Amino acid sequence: EIQVGGTSGSGSSSSSSSADITYTVDENDDVSFDHDDFKAYFNKSYTGSLEYIRFTDISNLDECGALTTYTYDERNDDWDAVNLDEDDALDGYFYYSDSDVTDDADTYCLDGLGFEADDNTDGEVVTLEFTAYGTTTSKKVNGTLRIEIGDVDNSSSGSSTTTQTGTDNDDVELALVGGAHDLD
């Protein structure tokens, strides 16, 4: 399990419900995901390279905010920032390597993928089920990305994992629960 803090605040922690990758964010704020979190999760099951992820089921995204990422504009030879709703995210291919992102519709950068929380969403949770694919299509693993907005009550989850949060200028350590893992 990968836990990452993304809220502004001062060194607080909260328990987290079961998910493979968890991020936290304050309402009316944003959090950037690290593509290496997805790679680390993929490498728990397979050696080799992560090529891309696809979202397979999403709950509460449209009610709480939008995914943010970049797509390549070949005509202008530039990267364009885009906001994605649930339908856009379910249609998308999110590539680990920016060089794999083309001018084709629905191809996006996994590095730079993030979430922008709407106002009045404190206590909400967005869940994104995904499949991570290796460079060999037979290598794939399913996972769950959980985004906790503000103060989420996890008392009924029964989980004992912890999400660490920090200020915008703090380094946040990545913790893999269940043993030591090399993230390189």
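Below is a short write-up of the structure. Given the structure is predicted, the values throughout are model-derived calculations rather than measurements.

## Remarks on the pattern of salt bridges
Stage number 1. In this structure the tally under the stated criterion is one salt bridge.
Stage number 2. Of the charged contacts in the structure, one is a salt bridge between R146 and E148, with a shortest N-O distance of 2.8 Å. Neither residue differs from the other here; R146 and E148 are each classed as buried.

## Here we look at unusual backbone geometry
Stage number 1. In the Ramachandran plot, N28 falls in the positive-phi region, its phi being about 60° despite a non-glycine side chain.
Stage number 2. Among the structural elements, N28 can be located in the loop between β3 (21-25) and β4 (30-32).
Stage number 3. The backbone of D77 sits at a positive phi, close to 50°, despite the residue not being glycine.
Stage number 4. Here D77 is to be found in the loop between β6 (65-73) and β7 (78-84).
Stage number 5. Using a relative accessible area of 58% as the deciding quantity, one classes D77 as exposed.

## Some words on the pairing of strand β11 (residues 125-134)
Stage number 1. Of all 10 residues making up β11, eight are buried, and the element is well covered by its neighbours.
Stage number 2. Summarising the sheet, strand β5 (residues 50-59) and β11 pair through eight bridges and their orientation is antiparallel. Considered in β11, the bridge of D57 is made with E129.
Stage number 3. Following β11, the chain reverses through five residues before pairing antiparallel with strand β12 (residues 140-149).

Criteria and thresholds
- Residues numbered from 1 in each chain as written.
- Predicted model: local features only at pLDDT ≥ 70, side-chain atom pairs only at ≥ 80, totals over all residues.
- Heavy atoms only, no water.
- Salt bridge = Lys/Arg side-chain N within 4 Å of Asp/Glu carboxyl O.
- Buried < 20%, exposed > 50% of the residue type's maximum accessible area, 1.4 Å probe, protein only.
- Helix = DSSP H or I, 4+ residues; strand = E, 2+ residues; numbered from the N terminus.
- Pairing = 2+ DSSP bridges.

In short, shape yes, function no, at least from these values alone.
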